Amino acid sequence: MSIKKSVNDFLTRLSGKLDGGGEKAIEKQKKKGKNTARERVEDLLLDEGTFLETDLFVEHSVKDFGMDRKELAGDGVITGYGKVRNRPVAVFAQDFTVAGGSLGRAHSKKIVKVMDIAAEAGIPLIGINDSGGARIQEGVESLCGYGEIFYRNTKLSGVVPQISVILGPCAGGAVYSPALTDFVFVVDTISNMFITGPQVIKTVLGEDITQEELGGAMTQASITGNAHFYGKSEADAFNTLKKLLSFLPANSKEAPPVSKPILPANPLGDDVIPDNRRQAYCVKEIIRGIVDASDFLEVQEHYARNMVVGFARLAGRPVGIIANQPRVLAGVLDVNASDKAARFIRFCDCFNIPLLTMVDTPGYLPGADQEHAGVIRHGAKILYAYSEASVPKMTIIMRKAYGGAYIAMCSRHLGATFVASWPCGEIAVMGPEGAANIIFRKEIAAADDPEACRQEKISEYEEKFANPYVAAKKGYIDTIIRSSETRDTLIKVLSTVRQSRTGHPHGNIPL
Amino acid sequence: MKNKLDKLVIDGTEYVTEVPENSIKPYEGQQDPSEIKAFIPGTIIDIKVSEGDLIEQGTVLLLLDAMKMHNEICSGKRGLIGRIHVSPGDMVQKDQLLMNIIINK
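Residues numbered from 1 in each chain as written. Chains lettered and ligands numbered in written order. Predicted model: local features only at pLDDT ≥ 70, side-chain atom pairs only at ≥ 80, totals over all residues. Heavy atoms only, no water.

Trainee: Describe the overall build of chain A, with residues and values.
Mentor: Helices and strands together make up the secondary structure of chain A, namely 20 helices and 17 strands. Relative to the globule expectation of 24 Å for 511 residues, the C-alpha radius of gyration of chain A, 26 Å, shows essentially globular dimensions. Looking at chain A as a whole, 57% of its 511 residues qualify as buried. Relative to all contacts within chain A whose residues are 6 or more apart in sequence, the contacts with residues 24 or more apart total 74%. When the 60 positive and 60 negative side-chain charges of chain A are each reduced to one mean point, those points stand 4 Å apart. (Helix = DSSP H or I, 4+ residues; strand = E, 2+ residues; numbered from the N terminus. Rg over C-alpha atoms; globule rule 2.2 N^0.38 Å. Buried < 20%, exposed > 50% of the residue type's maximum accessible area, 1.4 Å probe, protein only. Contact = heavy atoms within 4.5 Å. Lys, Arg positive; Asp, Glu negative; His and termini not counted. Charge placed at Lys NZ, Arg CZ, Asp CG, Glu CD.)

Right, here's the structure in full:
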């Protein structure tokens, strides 16, 4: 064959592969309001012209059930690497237009290859899921494929950031690859995740539930906690993903990228929380008053809202923020909040991102349901995660830091690098009301006017213990600062302490 | 998104805060062993006892077809079979009362 002929032959073959499942399938995909796999990778995710595709010519070799007559472009998945805001990433995108994006042996081998590239190059892995599930015709070969992907998700955990974007169905065993990754994105009306779908539930259990209610985007973002980011559209999700990447290093050996420092839009004054400790306020407003450009990227915004976690910058350096949210459930710790915080802390520790903990919590949520749901073993995860973390750990006590929750929220005792309290901080074994009721129980009961006596004792306890000075005297907090000094103080700490973790490396197990 | 503020008491202090739906579930108490209920929705295949039978703890009372399995439903206590509320072939919902047991105290 002449060179010219071979080039033409190549171009013909190429064009046959590039449009995936063909016109009709693409039209169907579009009707569902979805982009094609190629549009997602080349237009929405990667910088223009940076995509280098691998394994476009891979074909399956299945002979059963008429599969030998079926040619599946790229075997239903697009793989390769490219750049996001000029930083390299590895990527795979399942192509629903080709055999419903079903996962067969060749399909999974392509994903495995790109995962190995991510490991070798030390670059983030981004997976876009849009698949009907296992390719039934391939039987156990398909299961082998899932297993090999799960194995690599686990081995890559804590080594390079792994991000999943659910842009279609992701059901049965397929859900476990995203669940093993660090961050899962879902998109309104497009994403669906479940182990058993509505039809199976109807047949087996006789229960009616829609796909959306069972495992739609908001369900995953707010009820199950499987998703970390909820997008209104595919473009919205990819924009957030790019922003997320901007906080992360390419791998666990690198420091996170540093940007130009920008002052917060509304810096904190000295009067930022309500006088009354019982009154709620939104901790996110406090965070925005401290961080660069008041820019806070919240993670799991809709799940366990009594705990707020997310990324921001201080003088250009990324930090992971963990904060009690007095606005919701008074900022208590509970089962879900513990899991949410612990996993976020461990992610940050994997990738050298310093931690900033903002404390205002009355303690743990009481109740039989919490105890029976295992608040002991879930709560222990926060203690473990903070104690294990060897990145710089900074703690600001804003108001209430009571009892076990005080210890858990990155106290000095769990190895905090720096702990400061605002002047209104209350570091005590419990709130004044509860403490007075216990300590002065007999006196209150014996008093002529028990209620007056109770109030008096509460004031007495408050005066003595509901302040930061008892802890400061012992050196358990390093300093007391006005809230207006918070940002400058934290920047001083960050510029002084070691820049990366010193502990042993670990993965980011789903918690 | 401004949600309604409620009251939440922690250690004697009352906080004004948002209390999301289902965030605090009341304790439902232990199940009454005199009431045999379906632990899962399904179909009754066979009833192994009759009203008035004396049964031991662990006696198989009926078979419930659910999750592709014939599940044996056993008595948690020794006693007499009281009323039986279902027949073979009946579809039952989760927590539906299937039979009563009269437990000798």
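Following the structure, the description resumes.
Trainee: Account for the interface of chain A and chain B, with residues named and values stated.
Mentor: The partner chain B presents 24 residues to the 26 residues of chain A that form the contact. Interface area for chain A against chain B, summed over the two sides, is near 2,300 Å², with a carbon-plus-sulfur share of 57%. When the buried surface of chain A facing chain B is broken down by residue, Arg278(A), Arg327(A) and Leu329(A) rank first, second and third, together holding 26% of it. Inspection of the region where chain A meets chain B yields two salt bridges. (Buried area = accessible area lost by both parts, 1.4 Å probe. Salt bridge = Lys/Arg side-chain N within 4 Å of Asp/Glu carboxyl O.)

Trainee: Got a sec to walk through the layout of surface pockets? Specific residues and values, please.
Mentor: Its boundaries defined by the atoms lining it, the largest pocket holds a volume of some 830 Å³. Along the walls of the largest pocket sit 24 residues, with Ser222(A), Pro20(B), Glu21(B), Asn22(B) and Ser23(B) positioned nearest its centre. For the lining of the largest pocket, the element with the most residues is helix H9 (residues 217-224) of chain A, which contributes three residues. Here the residues of the lining of the largest pocket sort into 11 nonpolar, eight polar and five charged. Mapped onto the domain boundaries, the lining of the largest pocket takes at least three residues apiece from domain 1 (25-245) and domain 2 (283-430 + 466-496) of chain A. In this structure, the second largest pocket encloses a volume near 540 Å³. Residue lining of the second largest pocket: 30 residues in total, with Ala179(A), Thr224(A), Gly225(A), Asn226(A) and Leu511(A) positioned closest to the centre. Looking at the lining of the second largest pocket, the elements that each hand over two or more residues are helix H6 (176-180), strand E7 (183-187), strand E8 (192-194), helix H8 (211-215), H9 and helix H12 (335-350) of chain A. In terms of residues, the lining of the second largest pocket owes the most to one element, H12(A), which gives five residues. A class-by-class count of the residues in the lining of the second largest pocket yields 16 nonpolar, 10 polar and four charged. Looking at the lining of the second largest pocket, you find at least three residues from each of domain 1 (25-245) and domain 2 (283-430 + 466-496) of chain A. (1 Å grid on protein atoms, 1.4 Å probe; cavity = no way out; pocket = protein on both sides within 12 Å on 5 of 7 lines; lining within 4 Å. Points joined across faces, edges and corners; volume = space filled by probe spheres on them. Nonpolar A, V, L, I, M, F, W, Y, C, P; charged D, E, K, R; others polar. Domains from an automatic or database assignment.)

Trainee: An account of the packing of H12(A) against helix H14 (residues 375-388) of chain A is requested, with residue identities and associated values reported.
Mentor: Residues and elements named next belong to chain A. For the pair H12 and H14, the least separation of the axes is 8 Å and the interaxial angle reads 20°. When the axis of H12 is compared with that of H14, the two are roughly parallel. Considering the relative orientation of H12 and H14, their crossing is left-handed. Across from Val335, Ser338, Asp339, Ala341, Ala342, Ile345, Arg346 and Asp349 in H12, the residues of H14 making contact are Val375, His378, Gly379, Lys381, Ile382, Ala385, Tyr386 and Glu388. (Axes fitted to C-alpha atoms, helices over the stretch in contact; angles between N-to-C directions. Parallel < 35°, antiparallel > 145°, perpendicular 65-115°, else oblique. Left-handed = near helix turned anticlockwise from the far one by under 90°.)

Trainee: Give a description of the environment of Ser390(A) that names residues and reports values.
Mentor: Residue and element names in this part refer to chain A. In this structure, serine 390 sits in the loop between H14 and strand E14 (393-402). Placed 36 residues apart in sequence, serine 390 and proline 354 show a C-alpha to C-alpha distance of 8.8 Å. Among the polar contacts listed, one links the side chain of serine 390 to the backbone nitrogen of glycine 503, at a separation of 2.6 Å. (Polar contact = N/O pair within 3.5 Å; in protein donor to acceptor, adjacent residues only side chain to side chain.)

Trainee: Talk me through the pattern of salt bridges; I want residue IDs and the actual numbers.
Mentor: One pass over the full model with this rule turns up 36 salt bridges over all chains. Residue Asp295(A) is joined to Lys243(A) by a salt bridge in which the shortest nitrogen-to-oxygen separation is 2.7 Å. Linking Asp295(A) in the loop between helix H11 (283-288) and strand E10 (297-299) with Lys243(A) in helix H10 (residues 234-245), this pair joins segments that are 52 residues apart in sequence. A residue is classified by how much of its surface remains accessible, and Asp295(A), at 27% relative accessible area, is partly exposed. Note that Arg305(A) and Glu18(B) form a salt bridge whose closest N and O atoms lie 2.6 Å from each other. Residue Arg305(A) is located in the loop between E10 and strand E11 (307-314), and its partner Glu18(B) is located in the loop between strand E2 (13-17) and strand E3 (35-37); the two belong to separate chains. Classification of Glu18(B) as buried rests on a relative accessible area of 5%. Here the salt bridges do not stand alone but share partners, grouping Arg277(A), Arg278(A), Glu426(A), Glu433(A) and Glu462(A) into one network.

Trainee: Account for the packing of aromatic side chains, naming residues and giving values.
Mentor: Residues and elements named next belong to chain A. One pass over the structure, following the stated rule, counts 11 aromatic pairs over all chains. When the ring of phenylalanine 185 is compared with that of phenylalanine 229, the centres are 4.6 Å apart and the planes differ by 20°; the resulting orientation is stacked. You can see phenylalanine 185 sitting in strand E7 and its partner phenylalanine 229 sitting in strand E9 (residues 229-231), a full 44 residues away along the chain. Residue phenylalanine 185 shares its accessibility class with phenylalanine 229, and that shared class is buried. A connected cluster of aromatic rings, assembled from ring pairs, spans Phe183, Phe185, Phe229, Phe247, Phe311, Phe344, Phe347 and Phe351. One residue, lysine 457, lies across the ring of phenylalanine 440, its end atom 4.8 Å from the ring centre. (Phe/Tyr/Trp six-rings, centres within 6.5 Å; stacked < 30°, edge-to-face > 60°. Lys NZ or Arg CZ within 6 Å of the ring centre and 35° of its normal.)

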